[in-house]
Amino acid sequence: MLDYQHIKKLAADAGFDLCGLTPCGHMAQNEAWLRAWLGKGYQSSLTYMERNVEKRADPRKLVEGARTAVVCAVSYKSRIGEGYPPGHRTKIASYACTADYHTTIKGMLNGMLEHLKAAVPGLGGRAFVDTAPLLEKQLAVEAGLGWIGRQSLLVTPRHGTYVLLGELLLTDEADAYDAPFEGSRCGRCRNCIESCPTGAIIAPKVIDTGRCISCHTIEREPSGGIDLDGWIFGCDRCQSCCPHNQKAPMHANRAFDPVFDPLTMDAAAWMVLDETEFEARMGATPLTRSGLAANDIACCVVATLSAPTATPSIACRIQAALGLPENRPAFDVNAACSGFIYAAAAAHGLLSTLGGSLAARHSPAWWTRLTARPVYCLATARVRLFLSWPKMHRSP
């Protein structure tokens, strides 16, 4: 039998801020909610959500013989999570400024699992961090860690939503379990719903991922269909406005210290960042999930959306990227970025039509990076020229 207090101590020693235990079972109501959400198409391009629905709602189907779920949480709140100043156009979700949590938390959990297997002969189990088909936020509620807020995130009483989760599914019972967290402490607050730039929170606890900025900048190639509000990777808007986050303490585990500060980087700084420097500064962070080229494109989308609503032809966009805009003596960063993204899209479309076979075998992201590279080089050269010009020559 698993020792409840021993597990709690192992979690604290590993660097977790919270730990709760709950028996494994079928979360029938949550499965029904998930199926209803999928039925309305709110998963958009996240088609993986349609798979393994039964496993998501029942940990026993994920790990054979699982009887106990140990749910751990660690705070990652930093000053970045408190929000960006008005007008900042290259925002990064605060969790992505730290070392990749998948690797860090998996290491913490595996250390706990090794200790438990040594203490309980024959114990089986697995560690999970975010990528498995598991309703981990609801499992955290069942383990007493917090409640689900209107923005559909886990809210903890002390650390708010700025927590990352990891789970151990174990094949033995514990001598004690935590009581499920009862109720909600959101009160009448609707900050998260009202602050979402795209209206992705269409009802309390209901997210339309087709409108979600995080999904557009992380899970798939960015689209000009929504205003990214200056975000180039993820989005913290529904978190930075939350009163529980505003009063939460900064993170204590140094493994979640930011490794770079996006508050000091503007669009030009991102555009001139080459692959070598990117890998040296940010290679250990979740940004590598989309890579430098994808972030270049996201930067360009942000700049494009800040331009006038009238959309010139692709030829004009390319001309703007490769030459000086009409009636302006200096280089226009927004125009160059716009030219880059439209030139990439045009090249991708043309080559796909003519060749087809390579584009079909590779992802749009890969094809865009290949076809856009020459334009990218020219655009970044223009940015460097712009930065070197005296201030009096810069465009207002």
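Just so we're clear, the structure is a prediction, and the values are computed from it rather than from any experiment.

*Asks:* Lay out the overall build of the protein in plain terms, naming residues and giving numbers.
*Replies:* Of the regular secondary structure elements, the protein holds 16 helices and 10 strands. When each of the 396 residues of the protein is scored for burial, the buried share is 51%. Across the protein, every contact between residues at least 6 apart in sequence was considered, and the portion connecting residues at least 24 apart equals 74%. Carbon and sulfur atoms provide 54% of the accessible area of the protein, an area that totals close to 18200 Å².

*Asks:* I'd like a description of the nonpolar core, backed by residues and values.
*Replies:* A general trend in soluble globular proteins is that nonpolar side chains are found buried together. Counting residues in each nonpolar core, the largest one holds 51 residues, and the members touching the most others are Ile 92, Ile 105 and Met 112. For this core, the secondary-structure elements that each account for two or more residues are helix H1 (4-14), strand S1 (18-23), strand S2 (68-75), helix H4 (101-119), strand S7 (163-170), helix H7 (213-219), strand S10 (231-233) and helix H11 (275-282). Those residues in contact with Ile 92 that lie beyond four places of it in its chain are Ile 80, Tyr 84, Cys 97, Trp 231, Ile 232, Phe 233, Asp 236, Phe 260, Pro 262, Trp 270 and Leu 287. Judged by nonpolar contacts, the second largest core, of 43 residues, contains Ala 69, Ala 132, Leu 165 and Cys 241.

*Asks:* Got a sec to walk through the sheet that holds strand S4 (residues 125-128)? Specific residues and values, please.
*Replies:* One open sheet holds the four strands; their spatial order is S1-S2-S7-S4, and the pairing between them is antiparallel. Since the sheet does not close on itself, it has two edges, and those belong to S1 and S4, each with one partner. With direction set aside, neighbouring strand axes in the sheet form an average angle of 15°. Here H1 sits on the sheet in contact with S1 and S2, set at roughly 145° to S1. Against the sheet, H4 touches S2, S4 and S7, its axis set at about 35° to S7.

*Asks:* An account of the confidence of the model for the protein is needed here, citing residue identities and associated values.
*Replies:* Per-chain confidence: the protein averages 80 in pLDDT, with 71% of residues scoring 70 or above. Across residues 303-360 the pLDDT falls below 50, and counting only partners more than four positions away or on other chains, this stretch makes 84 contacts in the model. Every residue in residues 362-396 scores below 50 in pLDDT, and together they form 57 contacts with partners more than four places removed in sequence or on other chains.

*Asks:* Could you give me a rundown of the state of the cysteines, with the residues and numbers involved?
*Replies:* Taken as a whole, this structure holds zero disulfides when the rule is applied. Sulfur of Cys 196: no disulfide; nearest cysteine sulfur belongs to Cys 235 and is 6.7 Å away. Take Cys 238: it sits in no disulfide, and the sulfur closest to it among the cysteines is that of Cys 235, at 6.4 Å. A relative accessible area of 18% means that Cys 238 is categorised as buried.

*Asks:* Go over H1 with me, naming the residues and quoting the values.
*Replies:* All of the buried residues along H1 are Tyr 4, Ile 7, Leu 10 and Ala 11. Burial along H1 is one-sided: seen end-on, the buried residues are contained in an arc of 125°. Exposed side chains of H1 directed beyond 90 degrees from the buried face belong to Gln 5, Lys 9 and Asp 13. Against S1, S2 and H4 lie the buried residues of H1. Measuring from the backbone nitrogen of Gln 5 back to the side-chain oxygen at the start of H1 gives 3.0 Å, which picks out Asp 3 as the cap.

What counts as what
Residues numbered from 1 in each chain as written. Predicted model: local features only at pLDDT ≥ 70, side-chain atom pairs only at ≥ 80, totals over all residues. Heavy atoms only, no water. Helix = DSSP H or I, 4+ residues; strand = E, 2+ residues; numbered from the N terminus. Buried < 20%, exposed > 50% of the residue type's maximum accessible area, 1.4 Å probe, protein only. Contact = heavy atoms within 4.5 Å. Areas by Shrake-Rupley, 256 points an atom, 1.4 Å probe, with all protein chains shown as cover. Core = buried A, V, L, I, M, F, W, Y, C linked by side-chain atoms within 4.5 Å. Pairing = 2+ DSSP bridges. Axes fitted to C-alpha atoms, helices over the stretch in contact; angles between N-to-C directions. pLDDT = per-residue confidence, 0-100. Disulfide = S-S within 2.5 Å. Arc of directions from axis to C-beta. Polar contact = N/O pair within 3.5 Å; in protein donor to acceptor, adjacent residues only side chain to side chain.

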